[in-house]
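The residues making up each chain are set out below.
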Amino acid sequence: MAERSAQTEDIGAKEAAVAALKIIASMVGKETIGVTSVEPIDDGWLIGIEVLEQARLPRTSDVLGLYEVEIDLDGAVISYRRERRYLRAATGDDDRRAAP
């Protein structure tokens, strides 16, 4: 990574989360539900974003996706990926069944 300017101010957790929400909404073209996690990493932030992948009726059968976005300390996207898909009604972390 190139050396950073002394005048550059690193973004904080809140700014990184807001940036990640906007990035995922524009890149995947789907409605974002919210931020599920914010974790500092060596050169930025790792943010979890929940996305409405497919709306269904009843809403408990909506398909949601969990995306991870890596953002550097300047607020630029390093990478993003969908980690998993699941039904909105799947409330437990132990329920790792993929959505149809």
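Since the structure is predicted, the reported quantities are computational estimates derived from the model, not experimental observations.

Draft legend 1. Spatial organisation of the environment of G29. Structurally, the position occupied by G29 is in the loop between α1 (13-28) and β1 (32-41). By relative accessible area, G29 is classed as exposed at 62%.

Draft legend 2. Structural view of the sheet that holds β1. An order of β1-β2-β3-β4 is seen for the four strands of this open sheet, with the pairing classed as antiparallel. Each end of this open sheet is capped by a strand with a single partner; those strands are β1 and β4 (77-87). Pairs of neighbouring strands in the sheet enclose a mean axial angle of 20°, with direction left out of account. Note that strand β2 (residues 44-54) and strand β3 (residues 63-72) share 10 bridges and pair antiparallel. Bridged to Q54 within β3 is V63. Each of β1, β2, β3 and β4 is contacted by α1, which is oriented at about 40° to β2, the strand it contacts most.

Here is what the cut-offs are and how they apply
- Residues numbered from 1 in each chain as written.
- Predicted model: local features only at pLDDT ≥ 70, side-chain atom pairs only at ≥ 80, totals over all residues.
- Heavy atoms only, no water.
- Helix = DSSP H or I, 4+ residues; strand = E, 2+ residues; numbered from the N terminus.
- Buried < 20%, exposed > 50% of the residue type's maximum accessible area, 1.4 Å probe, protein only.
- Pairing = 2+ DSSP bridges.
- Axes fitted to C-alpha atoms, helices over the stretch in contact; angles between N-to-C directions.
- Contact = heavy atoms within 4.5 Å.

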